[in-house]
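Summary of the model geometry
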Amino acid sequence: MSQPFQTLGLIPDVHGEDEYLATAIDYLQRAGAEKLLCVGDLCDGRGDLNRVCDLLREHHILTVRGNHDRWLLNGEARDWDEATQIEDVADRTWEFLRALPLMIEIETVAGTLLLCHGMGANDMGRLEPGDYGYGLENNLDLLKIYWQPDIAFVVAGHTHKLMVRRFARDKNPLTIINGGQLKHVHGPVFALANFASSVVQFFAITPDGVQAAQVFNWKEMMPEKSSFR
């Protein structure tokens, strides 16, 4: 049995940005990440989906399926700007996409982490930075995870909004991390999480190279006493 991970590289929604993905992989590996995770939405962008999947496969990156990947597999939503066209997808890429799971559980030194795209098994589920009160009480996808005390962390995507939130529970709090996105129009970011020091450092990819951005120490964050407690 493998040892729990201490440092994990977090790659957000890719959306075809193969060049930014290569930059993030290289930086995270040189920074000492023991394993890299990706929240999916690999397709539908300006770059090369085939190279995206090749990079993820080559570097053994744990990856889950996003809603855009599901749409591509089903031949849906192919008529909007930057949608990946079916004829441009290589056979090896179809094989990779079909094999992607909805969720993966990963053991860290601070507890079990759930890797997903939206929220749990719902690839369209979401938690926004500004969701409070009614928005939390009726977030059934979040509640399903909240009431699983063995899940200590969730790494998700979908919203494209960088976020770290911590929710109080009877025993261990639930920490949710959203890494943002790699899409060029929003300002690409990725992250390195250290589960021994409870720190997640975000990095921005800029014309001048990779720059340190926001940093969070989730142990120093007061867990939110949400209304669904």
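It should be emphasised that the depicted structure is a prediction, and the values quoted were computed from it without experimental measurement. (Residues numbered from 1 in each chain as written. Predicted model: local features only at pLDDT ≥ 70, side-chain atom pairs only at ≥ 80, totals over all residues. Heavy atoms only, no water.)

**Here's the deal with helix α1 (residues 18–30)**
Here α1 is 13 residues long and its end C-alpha atoms lie 18 Å apart, about the 18 Å a rise of 1.5 Å per residue gives. Regarding α1, the residues found buried are Asp-18, Leu-21, Ala-24, Ile-25 and Leu-28. Along the long axis of α1, the arc covered by the buried residues comes to 120°, so they all point the same way. α1 presents Glu-19 and Arg-30 as exposed residues on the side facing more than 90 degrees away from its buried surface. Next to the buried residues of α1 lie β1 (7–11), β2 (35–38), α2 (49–58) and β9 (189–194). Where α1 ends, the next residue or the one after it, Gly-32, has phi of about 95°, a positive value. (Helix = DSSP H or I, 4+ residues; strand = E, 2+ residues; numbered from the N terminus. Expected span 1.5 Å × (residues − 1). Buried < 20%, exposed > 50% of the residue type's maximum accessible area, 1.4 Å probe, protein only. Arc of directions from axis to C-beta. Contact = heavy atoms within 4.5 Å.)

**What to know about the packing of α1 against α2**
Direction vectors running N to C along α1 and α2 enclose 15°, while the axes themselves pass 9 Å from each other. For the element pair α1 / α2, the angle class is roughly parallel. At the point where α1 passes α2, the crossing takes the left-handed sense. Residue-level contacts link Asp-18, Glu-19, Leu-21, Ala-22 and Ile-25 of α1 to Arg-51, Val-52, Leu-55 and Leu-56 of α2. Grouping the amino acids of the contact of α1 with α2 by side-chain chemistry returns six nonpolar, no polar and three charged. (Axes fitted to C-alpha atoms, helices over the stretch in contact; angles between N-to-C directions. Parallel < 35°, antiparallel > 145°, perpendicular 65-115°, else oblique. Left-handed = near helix turned anticlockwise from the far one by under 90°. Nonpolar A, V, L, I, M, F, W, Y, C, P; charged D, E, K, R; others polar.)

**Section: the packing of aromatic side chains**
Summed over all chains, the structure comprises eight aromatic pairs. The cationic tip of Arg-169 hangs over the ring face of Tyr-146; the distance from NZ or CZ to the ring centre is 6.0 Å. (Phe/Tyr/Trp six-rings, centres within 6.5 Å; stacked < 30°, edge-to-face > 60°. Lys NZ or Arg CZ within 6 Å of the ring centre and 35° of its normal.)

**Description of helix α4 (residues 91–98)**
Listed in full, the buried residues belonging to α4 are Thr-93, Trp-94, Phe-96 and Leu-97. What you see down the axis of α4 is that its buried residues fit within an arc of 165°, all on one side. Among the exposed residues of α4, those pointing more than 90 degrees away from its buried face are Asp-91, Glu-95 and Arg-98. Contact partners of the buried residues in α4: α2 and α3 (67–74).

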